[in-house]
Amino acid sequence: MLDTLLQFDTDLLLFFNGQHSPFGDKFFWLFSSTIIWIPLYASLLFAIFKAHGWRGLWTLLAIALVITLCDQIASGLLKPLFERPRPSREPALEGLIHLVNSYRGGRFGFVSSHASNSFGLALFTSLLFRKPGYVFFIFIWAVLNSYSRIYLGVHYPGDILGGMVVGLLSAGLVYVIYRRFTNRLQTPLSRPGISYPSAAVVYTGVVSIAMLLLAAKELL
């Protein structure tokens, strides 16, 4: 059973990783970079502090806890525990995997910290903002960010799925704690009807993606 699942995971990887092109190489290489998304993260901070003022620090600490929890579970616990080599470092897949800029990533890949961090941030902020447009955008962003790791050949789809589960569970747990803590404040940060300028975050994200598309085209 396990061998069948692992083979299916490998077949999915080879299919998705095989859908490459010169434009895709440039685009997903840029998309996978953390520094590219600094404007998006900055717009999230703006939305939080615009809604909460200085008490937005509590929300910021909660988000930091989500990311720390996701990263430590993925990279600090599960990767050393399972020791599953990345596809880019699997001798049996040598020559079958399309790599970009000879990038291979670290030694182990299960689970993906990119996926856990992306989906953790997506769920926590979605529960915070509760705006359909924002929820749609941020989960599309998380999916693309995670898919970029398959495209680059450094994660199996199973690594992504495992990272997604870690991210969603971590964000859900932290949000429950956050709600219980902030509800004890004189003016709860999580009260219904609080207005977050989430449109600014979506606009920043869409512009960032548009710029990535243009940059990828110019780099061809």
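Just so you know, these numbers come straight off a predicted model, no measurement behind them.

Undergrad: Whenever I open this one, the overall build of the protein chain confuses me. Can you help?
TA: Of regular secondary structure, the protein chain possesses eight helices and zero strands. Listed by position from the N terminus, the elements making up the protein chain come as α-α-α-α-α-α-α-α. On C-alpha atoms alone, the protein chain measures out to a radius of gyration of 19 Å, which is about the 17 Å that the 2.2 N^0.38 rule sets for 220 residues. Evaluated residue by residue, the protein chain yields a buried proportion of 45% over its 220 residues.

Undergrad: Whenever I open this one, the packing of helix α6 (residues 132–151) against helix α7 (residues 157–182) confuses me. Can you help?
TA: Between two packed helices, both the angle of their axes relative to each other and the distance between the axes serve to describe the pair. At a minimum axis distance of 9 Å, the contact between α6 and α7 shows a crossing angle of 145°. Read as a crossing pair, α6 and α7 show a hand that is right-handed. On α7, the residues that touch Phe139, Ser146, Arg149 and Ile150 of α6 are Pro157, Ile160 and Leu168. Here the contact of α6 with α7 is composed, by residue class, of five nonpolar, one polar and one charged.

Undergrad: Whenever I open this one, unusual backbone geometry confuses me. Can you help?
TA: Trans is the common state for peptide bonds, and a negative phi is the common state for residues other than glycine. Valine 111 follows phenylalanine 110 through a cis peptide bond whose omega is 10°. Relative to the helices and strands, valine 111 is located in the loop between α4 (56–82) and α5 (113–129). Its identity as a non-glycine residue notwithstanding, asparagine 101 has a phi of 55°, on the positive side. Looking at the secondary structure, you find asparagine 101 in the loop between α4 and α5.

Undergrad: Mind showing me how you'd approach the side chain of arginine 149 here?
TA: Position of arginine 149 among the secondary structure elements: in helix α6. Of the side chains bearing the opposite charge, aspartate 159 lies closest to the buried arginine 149, which forms no salt bridge; the N-O distance is 9.2 Å. Residues in contact with arginine 149, not counting those within four places in the same chain, are Ser32, Arg86, Tyr103, His114, Val154, His155 and Ile160.

Undergrad: Would you mind going over a nonpolar patch on the surface with me for this structure?
TA: A grouping of Trp54, Leu57, Trp58, Leu61 and Phe181 is seen on the molecular surface, where their side chains present a nonpolar patch of about 580 Å² in accessible area. For the nonpolar patch, the element with the highest residue contribution is α4, accounting for three residues. Looking at the element boundaries, leucine 61 is found in helix α4.

Cut-off values and rules
Residues numbered from 1 in each chain as written. Predicted model: local features only at pLDDT ≥ 70, side-chain atom pairs only at ≥ 80, totals over all residues. Heavy atoms only, no water. Helix = DSSP H or I, 4+ residues; strand = E, 2+ residues; numbered from the N terminus. Rg over C-alpha atoms; globule rule 2.2 N^0.38 Å. Buried < 20%, exposed > 50% of the residue type's maximum accessible area, 1.4 Å probe, protein only. Axes fitted to C-alpha atoms, helices over the stretch in contact; angles between N-to-C directions. Left-handed = near helix turned anticlockwise from the far one by under 90°. Contact = heavy atoms within 4.5 Å. Nonpolar A, V, L, I, M, F, W, Y, C, P; charged D, E, K, R; others polar. Lys, Arg positive; Asp, Glu negative; His and termini not counted. Salt bridge = Lys/Arg side-chain N within 4 Å of Asp/Glu carboxyl O. Patch = residues over 30% accessible without salt bridge, like charges linked within 9 Å, V, L, I, M, F, W, Y side chains within 5 Å. Areas by Shrake-Rupley, 256 points an atom, 1.4 Å probe, with all protein chains shown as cover.

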